[in-house]
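Here's the letter readout for the chains.
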Amino acid sequence: MGTALRRAGLHSALALTLVAGSALLSGLEAQSWRTVTNSRQAGSEGEVDVRIKYAAGQFEVRPAERGLLYRMELTYDEDHFDPLSSFRNGTLELGIDGRSRNFDLDDDNESRMDLELGRGVPMDLRMEFGAVQADVDLGGLSLTRLQLTTGASESRIDVSEPNPEAMRRAEFEVGAASFTATNLGNLNAEILDVDAGVGDLELEFSGDWRRSARVNVDMGLGSLTLIFPRDVGVRLEKDTFLTSLDADEMTKRGDYYYSANWESAHIQIDVTVDAAFGGIDVEWVR
Amino acid sequence: MSRPDSFLFRAAFGLVLALTTPLLSAGQERAVVANEIAVSSDEASLRLEFADGEALAIQFQDGMVFVDGDQVGEYERGDALDAAWRALLGETLSLSDGALAEALVAWFPPDGLEDNAVEVAGALDRALEEALTYQEAPVEEAAPALQDAPGGTTVSLNEIIRLVTSQDRLMLMASALDGLEMDELELAIDEDLVIGEGQELDGSVLVIGGDLELSGTITGDAVVVGGSARLLDGGLIEGDLRLAEARLFRDGGVVEGRIADVDPATTRDMIRDEIRAEVAQSIGSGRAEGRDRGGRSFLGNIGSGIGGIMENLVTFAILLLVAAVVTNFAPERVDVIAETFRQAPARSMVVGVSGAFLFLPVWVLGIVVLAVSIIGIPVLIAWIPGLPVISGVAAALGFLAVSRTVGEWIADREFQGLDWIRKSHDFSTIVAGIGFFMAFPVVANILGMGGPLLGVFRGMVTTLGVMVLMAAIFSGFGAVLLSRGGRRRVYADGVDFDFDIPTWSSRRPWRSAWETAEKTRRQPGTTDNGPRWSTDDDDDVEAPVESAEGTTDGIDDEEDGNDGNGTP
């Protein structure tokens, strides 16, 4: 056992007795920052399964130029995290994974991952975040499937350009977090599932809609804001408990709330919201 | 550099650079399909993956330089080589594929490197150029000859690589070329060189792994390594002829200079001797350095130990501060908690451990319950920080109560020099108790000064200390829970400790006795010299033996029913 560990054993025990004072006793361990830059050219591989795991820190994704499969710049504390970077059998794994659950989020906030994903490569993209501030732009990526799982994170997803691939399903699993997704119309997804625990959720459905879609939102506690463009028809069904609904410009018929253009709209979005506590706001944009 | 290996390196490196630079510069960089650059305080590494699946890994790690896993040298963090390598990686961070390959191939070791660093840098440069340049097409097809010469001479890149990667050949060549002028050199590797009758080669000749057949003229020197020299009639060498593991067949011919047979064994022995001497010197200096390091290490251990002890003292001081506050403002609660622990230590431990394990679920459950109830939201704000703080305070209070009990136990033992620990004085017993717990890390730190030899004992003491401390904390926490923070005396009063437990739990009888004795002593007319104690220790429960006025048993007469004269 190293000196620091031995000392830490006693210190951690003493810390139980002195909540505030013990902070002075625990020695500050120097962090070992490591920066890794990876890139890979796109080859003749077909669809690529992209698995991104990121435990803590800042995370940013943006599209890369054609010809590049990905480019990643990663800065992390190598004492607490292990880097993930592999490409095998059509599966690309990137990110960092925590060695233990015991790390100070404040200290780890300097961890950073900047990722560029290549356009033109069909991708089944799955991202898993821990305590992360994520800023993700999926614009122009060829996504055949999207799955995003977040813990206690603050995530912003933007689909700034249309997805050239038709996507069967996109899934967002949001923990205790603030989650904003914009231009979801560009996702080109047939089904969008959002499963949120506690937090603020904002889903904005602008974009280049190519087909009608179904949106399922399952929310525990928090606020949900749904923002639709006026040119799509929206039907909303809610199954809620102690949840308010503010659905401007929608008419309730039976169990559903309809936008005025529901019948006539070329694109129809069928929304189901299952919420326990909180509020739902429906807003409209041009 | 006069050492043969230095010369060898320079010769090989210079040769390779001189011969390959034109070829490489005309070549095309290999496609890099993936790259990874990793930089940290003790690492600067580059990994390239090529389209054919091959890879190149160059790693500066912990003072050592590796190429594809093989150590090629050493560096020191921040030295010129390390700085140059990191600068290269910094420049190429944002590059990929062709631009990356181009930048890496263009890298050249910086000036001003020390001898060893020059060798390492050369190895890196070669590794980069070899890996990043197409090698499929033999260079000889693209570049027919380096120099027009009779008989034709072709040098392929592969041959050069074979040459420089063959240590024996390099040694031979280094010995054979030592001291020769090679401004104009005709080179033949693994093939014969024929200079026919009437032909003249202007300059020197180096034939490696092939035969030299000479019927014409060589105006310079001729060196044959690992083959044979056939000196035929009409052949003329105006300079020296050197043979390294080569045979000479003479059928006429003239050598105007010396004919020297370079003995590789001698050269090898010489090199070995030098290497041995160098290694011995390094080991000698290494030993000296090791002694220095040992000294530093020893001092480091001492420093580390003293630092640890200082930390322990600071911890001790903070705990004393808390103890002073607690004993001053909540003595009764500490009293009840301590009694609870004393009367029910096992129960306290179980409750404490259970409480600690239940803390997190209860906390989370509370958050959830409060979050889902509208009126609970304000409470939630207090709950989230409140429960951890309250639990921490409870653990601290319990720990101090346990410390006091331990201190009283120490007082009962009447250790020499510890007579300042008085059971009548809460603070002194708490100090003693905390001192007991802090003794473990202090001893561990002292043992740590002894270095690795005492490491095992240090580990044992540390482990024991943690276990004892955790037991105290959990028990104290449990006692706090059982006594409801020192307000409930159910367990504290569980035993009539006034009489049944004369040592640990006789605080009140002792106090009563002491107070009675004091009263007696202060009464007007008291002659004696005050109550006489059986020992000098104020804490002795047996207290007064006899006084003129009569208390006899150390128990307040009013309490025990005596009349003050020893009669009921």
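For clarity, every value in this text was computed on a predicted model and none was experimentally measured.

1. Considerations on the overall build of chain A
So, step 1. Summing up its helical and strand segments, chain A has 2 helices and 17 strands in all.
So, step 2. Of the contacts formed within chain A by residues at least 6 apart in sequence, a portion of 58% connects residues at least 24 apart.

2. Regarding the overall build of chain B
So, step 1. Counting its secondary structure elements, chain B contains 15 helices and 18 strands.
So, step 2. Relative to its full complement of 568 residues, chain B shows a buried share of 36%.

3. Notes on the pairing of strand β6 (residues 185-189) of chain B
Residue and element names in this part refer to chain B.
So, step 1. Counting buried positions over the 5 residues of β6 gives 5, a clear majority of the element.
So, step 2. Alternating residues of β6 divide into Leu185, Leu187 and Ile189 and Glu186 and Ala188, and every residue in both groups is buried.
So, step 3. Here 5 bridges tie β6 to strand β9 (residues 204-208), and the two strands are oriented parallel to one another. Along β9, the bridge assignment pairs Glu186 with Val205.

4. Description of the nonpolar core
So, step 1. Of all hydrophobic cores here, the largest spans 106 residues; its most connected members are Tyr54(A), Tyr70(A), Leu117(A), Met123(A), Leu201(A), Leu224(A) and Ile269(A).
So, step 2. Considering each element in turn, this core owes the most residues, 9 residues, to strand β2 (residues 48-64) of chain A.
So, step 3. Among residues more than four places away in sequence, those in contact with Met123(A) are Glu47(A), Val48(A), Val50(A), Leu117(A), Leu141(A), Ser142(A), Leu143(A) and Thr144(A).
So, step 4. Within the second largest apolar cluster, 46 residues are counted, among which are Val322(B), Phe341(B), Phe477(B) and Tyr491(B).

5. Examining the sheet that holds strand β12 (residues 222-225) of chain B
Residue and element names in this part refer to chain B.
So, step 1. Taken together, the 5 strands give an open sheet; going across it, the order is β6-β9-β12-β15-β18, and neighbouring strands pair in parallel fashion. Each edge of the open sheet carries a strand with a single partner, namely β6 and β18 (259-262). When strand polarity is set aside, the average angle formed by the axes of neighbouring strands in this sheet is 10°.

6. Here's the deal with the sheet that holds strand β10 (residues 211-214) of chain B
All names here are of chain B.
So, step 1. Pairing is parallel in the open sheet, where 4 strands are placed in the order β7-β10-β13-β16. Two strands in the sheet have a free side with no partner beyond their single neighbour: β7 (193-195) and β16 (247-250). Averaged over all pairs of adjacent strands, the angle between their axes in this sheet comes to 10°, without regard to strand direction.
So, step 2. Relative to β10, β7 is paired through 3 bridges, and the arrangement is parallel. Within β10, the residue paired with Ile195 across the bridge is Leu214.

7. Digging into the packing of helix α12 (residues 426-448) of chain B against helix α13 (residues 455-482) of chain B
Pairs of packed helices are described in terms of their axes, by the angle between the two and the distance that separates them.
All names here are of chain B.
So, step 1. In contact at an axis separation of 9 Å, α12 and α13 are set at 165° when each is read in the N-to-C sense. Between α12 and α13, the angle is such that the two are roughly antiparallel. Helix-helix and strand crossings are classified by hand; for α12 and α13 the assignment is left-handed. Residues Phe437, Phe440, Pro441, Val443, Ala444, Leu447 and Gly448 of α12 pack against Phe457, Arg458, Val461, Thr462, Leu464, Gly465, Val468, Leu469 and Ala472 of α13.

8. A word on the confidence of the model for chain A
All names here are of chain A.
So, step 1. With 86% of its residues at a pLDDT of at least 70, chain A reaches an overall mean of 83.
So, step 2. Confidence, expressed as mean pLDDT per element, reaches its minimum in chain A at helix α1 (residues 3-17) with 35 and its maximum at strand β16 (residues 256-259) with 94.
So, step 3. Of the regions scoring below 50 in pLDDT, residues 1-29 engages in 45 contacts with residues more than four places distant in sequence or in other chains.

9. Some details on the packing of helix α9 (residues 331-343) of chain B against α13(B)
Residues and elements named next belong to chain B.
So, step 1. Orientation of α9 relative to α13, taken along the N-to-C sense of each, is 110°, at an axis distance of 9 Å. It follows that α9 is roughly perpendicular to α13 by the angle criterion. Where α9 crosses over α13, the two elements pack in a sense that is right-handed. Where α9 abuts α13, its residues Ile337, Thr340 and Phe341 lie against Ser475, Gly476, Ala479, Val480 and Leu482.

10. Section: the pairing of strand β3 (residues 68-77) of chain A
Residues and elements named next belong to chain A.
So, step 1. When you tally the buried positions in β3, you get 8 out of 10 residues, the bulk of the element.
So, step 2. Looking at chain direction, strand β1 (residues 33-41) and β3 are connected through 9 bridges and run antiparallel. Looking at the pairing, Arg34 lines up with Tyr76 of β3.
So, step 3. Sheet topology places β3 next to strand β6 (residues 112-118); 6 bridges connect them, and they run antiparallel. Looking across to β6, one finds that Tyr70 is bridged to Leu117.

11. Brief notes about α13(B)
So, step 1. With 28 residues, α13(B) extends 40 Å from end C-alpha to end C-alpha; this agrees with the ideal 40 Å at 1.5 Å per step.
So, step 2. Of the residues trailing α13(B), Arg484(B) is marked for its positive phi of about 55°.

12. Let's talk about the environment of Leu56(B)
So, step 1. Relative to the helices and strands, Leu56(B) resides in strand β3 (residues 55-61).
So, step 2. Residues within four places of Leu56(B) in sequence aside, it is in contact with Leu48(B), Asp68(B), Ala127(B) and Ala131(B).

13. A word on unusual backbone geometry
So, step 1. Even without a glycine there, the phi angle at Glu249(A) is positive, about 65°.
So, step 2. Along the chain, the position of Glu249(A) falls in the loop between β14 (243-247) and β15 (250-253).
So, step 3. Positioned with a positive phi, Asp68(B) is a non-glycine residue whose angle comes to about 50°.
So, step 4. Position of Asp68(B) among the secondary structure elements: in the loop between β4 (64-67) and β5 (70-74).

14. Some details on the confidence of the model for chain B
Residue and element names in this part refer to chain B.
So, step 1. Predicted confidence across chain B gives a mean pLDDT of 72, with 67% of residues reaching 70 or more.
So, step 2. Mean pLDDT values over the elements of chain B span from 38, in helix α15 (residues 557-560), up to 92, in β4.
So, step 3. Low pLDDT (under 50) marks residues 136-157, which in the prediction has 40 contacts with non-local residues, meaning those over four places away or in another chain.
So, step 4. Taken as a whole, residues 286-296 scores under 50 in pLDDT and shows 0 contacts with residues more than four places along the chain or in a different chain.
So, step 5. Both scores are given for the predicted complex: the pTM is 0.47, the ipTM 0.77.

15. Brief notes about the environment of Gly43(A)
All names here are of chain A.
So, step 1. With respect to the element layout, Gly43 can be found in the loop between β1 and β2.
So, step 2. Given 13 C-beta atoms within a 10 Å radius, Gly43 is considered partly exposed.
So, step 3. C-alpha of Gly43 to C-alpha of Val121: the two residues are 78 residues apart in sequence and 9.1 Å apart in space.

Rules used in this analysis
- Residues numbered from 1 in each chain as written.
- Chains lettered and ligands numbered in written order.
- Predicted model: local features only at pLDDT ≥ 70, side-chain atom pairs only at ≥ 80, totals over all residues.
- Helix = DSSP H or I, 4+ residues; strand = E, 2+ residues; numbered from the N terminus.
- Contact = placed C-beta atoms within 7 Å.
- Buried ≥ 20, exposed ≤ 12 C-beta atoms within 10 Å, placed from the backbone.
- Pairing = 2+ DSSP bridges.
- Core = buried A, V, L, I, M, F, W, Y, C linked by C-beta atoms within 7 Å.
- Axes fitted to C-alpha atoms, helices over the stretch in contact; angles between N-to-C directions.
- Parallel < 35°, antiparallel > 145°, perpendicular 65-115°, else oblique.
- Left-handed = near helix turned anticlockwise from the far one by under 90°.
- pLDDT = per-residue confidence, 0-100.
- Expected span 1.5 Å × (residues − 1).

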